[in-house]
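Close look at the chain arrangement
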Amino acid sequence: MQYSVVITSAMLSALTMPFILNFAHSRKLYDIAGGRKNHNGNIPRLGGMGMFLAFAAMVAAFSIVQTGPVSRELGSRGDKLWPFAVGAVLMHTIGLMDDLKAQPAPLKLGVQVFAALVVALAGYRFRGFGFRADVLTESWSWLSIVLSVGWIVGVANAINFIDGLDGLAGSISFIAAMAFGIFYYQSGDASSSFLCLSVAGAAVGFLFFNFPAPRAKIFMGDSGSLFLGFCLAVMPFLGQAQAGAVGIGAGTQGAQAGLGLIPSITLLGLPVFDALRVIALRVREGVSPMKADRQHIHYLFADSGYRPLAVIGVLDVAAIMLVAAVFLAASMPQSLGYMLMLISIGILFILFRYAMSLKPDKAC
């Protein structure tokens, strides 16, 4: 395991934060308190810039400066990885623009869809429902593109939605990115593992300044949540850039390492199902799906009296449980693997039902 990648990326991310804090304070670029926001005071929301710069510096350093096997593999795959790079830059840029000055919702959605199309039309898309290629590579390939575009836009916004409690979006993103990194490492795809672990490290560096101990010094903003969400959404497809890849599955020599639709949904089940549930509630109530409220699972826990660290602990454990289910399912016969992932999602639903049954604490 390339633990040094996580450590180096985390250090780079953490080192950028004081400079971003000084920049934001000098120009009074603060997140607006009030409404559903839990914080008081002037807290910058440009942490996403530090994560993006740390990730970009890691990739550039290993591609240009280093001479090891990972850098050689990245160099040989450069022409196949450009769609991922373009999409990440677009997502980060539109998020940063919104952090600096609120952008129209249609513009933000349009950029997100365009970034997703760049990736999907370049071949980064779901090849199957499970751990190997199936009908999505044949006559149903058009459905694969539709599902993949919807997945990328949906996950990017799901991470944005769950970024309502200090330390939560960053820790969940770290867990998911580490899981993808380990998956590719076990598959023998060192460069894809490197990219995932670099994102994981960038999230850790940000958490040093965002974790509620005792309170956050900086928020990731849309520039961070859209960047992290896009990266996490595309991670199931990164193995498709491996030269000569032909299929999906971990541990298959010469095969394409990747995760299909169902394992991907399971691994990112917490933010995905939280977003779907809240959007359904808003549509049923006749309000905009993008309207901010306190119906998200972390708010349900927090408003009932749970301390922030307790909420983060519960939800992070749930995210780890889903990751473990996917890794176990990958080593099982397909039918048993599907059953295990279904059970893990069922446990997640029980957690949601419990959160929905909680009564708000009037003291909160």
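Attention here is on the structure that accompanies the text. Owing to the predicted nature of the structure, the values given are computational and were not obtained by experimental measurement.

**Concerning a nonpolar patch on the surface**
- On the surface, a nonpolar cluster with roughly 550 Å² of combined accessible area is contributed by Leu328, Met332, Leu336, Met339, Ile343 and Ile347.
- Broken down by element, the residue count for the nonpolar patch peaks at 4 residues, all from helix 14 (residues 334-357).
- If you trace the backbone, isoleucine 343 turns up in helix 14.

**With respect to the environment of valine 311**
- Position of valine 311 relative to the elements: it lies in helix 13 (residues 308-330).
- Using a relative accessible area of 0% as the deciding quantity, one classes valine 311 as buried.
- Setting aside its immediate chain neighbours within four residues, valine 311 contacts Leu165, His298, Phe301, Ala302 and Tyr306.

**Describing the pattern of salt bridges**
- Using the criterion set out here, one finds 10 salt bridges in the structure.
- A salt bridge links glutamate 73 to arginine 77, with the nearest nitrogen and oxygen atoms 3.5 Å apart.
- Among the ionic pairs, aspartate 98 bridges to lysine 108, the shortest N-O distance being 3.3 Å. Placement of aspartate 98 in helix 4 (residues 78-100) and of lysine 108 in helix 5 (residues 105-121) is noted, with a sequence separation of 10 residues between them.
- Aspartate 98 sits in the buried class, given a relative accessible area of 11%.
- Linked by salt bridges that have partners in common, Arg45, Asp98, Asp99, Lys108 and Asp222 make up one network.

**Comments concerning the state of the cysteines**
- Applying the stated criterion across every chain yields a total of 0 disulfides.
- Here cysteine 196 stays unpaired: no disulfide links it, and the sulfur of cysteine 231, its closest cysteine neighbor, is 8.9 Å away.
- Using a relative accessible area of 0% as the deciding quantity, one classes cysteine 196 as buried.
- For cysteine 231, a relative accessible area of 0% translates into the label buried.

**Thoughts on the environment of serine 357**
- Locating serine 357 in the fold gives a position in helix 14.
- Taking the C-alpha atoms as reference, serine 357 lies 52 Å from glycine 75; in sequence the two are 282 residues apart.

What counts and how
Residues numbered from 1 in each chain as written. Predicted model: local features only at pLDDT ≥ 70, side-chain atom pairs only at ≥ 80, totals over all residues. Heavy atoms only, no water. Patch = residues over 30% accessible without salt bridge, like charges linked within 9 Å, V, L, I, M, F, W, Y side chains within 5 Å. Areas by Shrake-Rupley, 256 points an atom, 1.4 Å probe, with all protein chains shown as cover. Salt bridge = Lys/Arg side-chain N within 4 Å of Asp/Glu carboxyl O. Helix = DSSP H or I, 4+ residues; strand = E, 2+ residues; numbered from the N terminus. Buried < 20%, exposed > 50% of the residue type's maximum accessible area, 1.4 Å probe, protein only. Contact = heavy atoms within 4.5 Å. Disulfide = S-S within 2.5 Å.

Honestly, that's just the spatial picture; any functional story needs more than this.
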